[in-house]
Amino acid sequence: QECLTRKTRAVKYGTSYKEPPPQAFLPWTTAKRLRENPEKGFITGLDLMDPQEVAKREARKARFGNSTTTTAIKTEATDATDGDKESAGDQAMEVNEEDEHGGLPVEQAWDKEKMLRPLRTDPPKYLWKDASPETAVETTSLNPFAMEKPKVATWVPEKIHLSAIDWAAFKQIRNKDIISHFSVYGPSYVEWLGDVSCNVCFEDKHTAARALWNLSNEIPTPVPDSILNGTQDGVSNNGDGGKDEIPDLGNMTWRFGKRPIRKVANDRYGRRGTTARILMRVATSEDTLVERPNSWPAPPGGFSSTSVLGPESDYAPKKGQKGKQAQKHKQQQQKQQQRRGSKSKKKRQRGGNGDDRQKGRENNTESLMDRGLSSGRAGFSVEELEKERARKKQKVNES
């Protein structure tokens with residue numbers, strides 16, 4: 001539409017039209033996506049969250065029971081009539097859906113809250129589940145004298161917004177790792193927004209909703225008492241005490257990933273096997289980068305691109321642990337030197353170092369001087385040479 005407006009203006013005033021680059025009128029993340037991935041991804045076109053589809057699934061469960069095998073379901077999908085192909089497709093896809101109540105404990109969603117809160121982008125309050133009418137009125141009321149209309153954030157159902165809980169581990173994660181995590185649902189692109197956040201883009205809202213529903217669990221709202229009181233096992237608040245300091249993530253529409261994102265291969269960014277837990281929600285129109293960032297925050301103390309990282313890798317090792325690691329590294333170096341053999345050891349095996357060889361030459365010179373003018377080799381002493389000359393003179397005189 002922007003290009004058409006500029007082209008019309010050029011024709012009207014008789015000027016030459018030059019198509020502007022995408023970043024001239026689009027946010028940086030959207031322009032980058034058009035450059036790197038202009039082709040569309042996979043589209044399912046099925047809204048599995050539709051009440052009619054949910055009723056069909058419940059009817060099938062009641063008909064076949066919860067213990068229906070994969071073979072029976074695939075057989076029915078094959079025998080379905082042409083008019084019921086969509087229902088048969090839904091039925092076949094149901095086999096691959098993950099258990100709704102499986103995965104990591106939802107209480108881990110509040111782990112490292114104090115460290116990650118400045119880096120996480122929460123949706124505006126008027127998009128929360130229990131948004132008050134006053135908040136909605138404030139966003140919809142417009143100033144009649146304003147030059148521009150205020151921008152109100154809206155949901156973008158074709159995108160899933162991710163926010164990492166394990167910062168150091170997530171810095172090793174790359175596009176292929178995220179695409180592999182959502183591979184069953186055919187994602188088309190990954191929009192990076194920072195060290196701990198990105199958008200996973202799909203071609204239709206139905207596929208995105210299906211991926212969000214099946215790869216994450218709903219976070220309870222309000223905040224459970226076990227989190228407020230700090231009594232939940234396995235949850236590290238890291239000094240986030242007080243009821244007012246713990247946000248209601250469930251009310252903010254966040255969901256907790258059932259399983260962490262795993263790095264699938266070694267590269268210069270990290271090691272295979274690194275895992276990072278994530279929060280997920282539907283993206284909003286504010287989850288974008290208008291301009292390319294020029295700087296990034298310093299990585300956490302425990303970050304390394306040469307080690308397999310996990311939930312405990314965000315914090316630098318303590319002083320005692322640092323000393324132990326340095327001592328262990330020194331012992332390993334000593335063992336390597338012993339296996340290779342040092343240069344001094346090799347010199348001793350060859351007969352000593354340079355000083356010893358120099359002393360040996362000096363001792364040999366002293367022993368030769370002690371023997372006078374006699375040589376160690378026969379026929380080369382002074383006395384033998386004089387006798388030889390005397391014999392030659394005698395022969396000359398006799399002749």
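For the structure, see preceding data.
Conventions we followed
Residues numbered from 1 in each chain as written. Predicted model: local features only at pLDDT ≥ 70, side-chain atom pairs only at ≥ 80, totals over all residues. Heavy atoms only, no water. Helix = DSSP H or I, 4+ residues; strand = E, 2+ residues; numbered from the N terminus. Buried < 20%, exposed > 50% of the residue type's maximum accessible area, 1.4 Å probe, protein only. Contact = heavy atoms within 4.5 Å. Areas by Shrake-Rupley, 256 points an atom, 1.4 Å probe, with all protein chains shown as cover. Phe/Tyr/Trp six-rings, centres within 6.5 Å; stacked < 30°, edge-to-face > 60°. Disulfide = S-S within 2.5 Å. Pairing = 2+ DSSP bridges.

What to know about the overall build of the protein
Assigned secondary structure in the protein consists of 15 helices and eight strands. Put simply, the protein has 399 residues, and 31% of those count as buried. For the protein, the proportion of contacts with a sequence separation of at least 24, taken over those separated by at least 6, is 75%. A total of about 26,400 Å² of accessible surface is found on the protein, and carbon and sulfur atoms cover 50% of it.

Comments concerning the packing of aromatic side chains
Per the stated rule, a full pass over the model turns up two aromatic pairs. Ring centres of Phe170 and Trp192 lie 5.7 Å apart, and the angle between their planes is 55°; on these two criteria the pair is classed as tilted. Of the two residues, Phe170 sits in helix α8 (residues 167–170) while Trp192 sits in strand β2 (residues 189–192), which places them 22 residues apart along the sequence. On the accessibility criterion, Phe170 (1% relative accessible area) is buried. A ring pair is formed by Phe182 and Phe202, whose centres lie 6.2 Å apart and whose planes are at 70°; its orientation type is edge-to-face.

Considering the state of the cysteines
Across all of its chains, the model carries zero disulfides by this definition. For Cys198, which is in no disulfide, the shortest distance to another cysteine sulfur is to Cys201 and amounts to 9.0 Å.

Re the pairing of β2
Note that β2 and strand β3 (residues 197–201) share four bridges and pair antiparallel. Residue Glu191 lies in a different strand from β3, and its bridge partner there is Asn199. As consecutive antiparallel partners, β2 and β3 are separated by four residues.

Remarks on the pairing of β3
Across the five residues of β3, five count as buried, placing the element largely inside the fold. Side chains Ser197, Asn199 and Cys201 of β3 all project onto a buried face; the interleaved residues Cys198 and Val200 project onto the opposite face, where all are buried too.

Here we look at the environment of Ala209
With respect to the helices, strands and loops of the structure, Ala209 is situated in helix α10 (residues 205–215). Along the sequence, Ala209 and Val282 sit 73 residues apart, while their C-alpha atoms lie 8.1 Å from each other.

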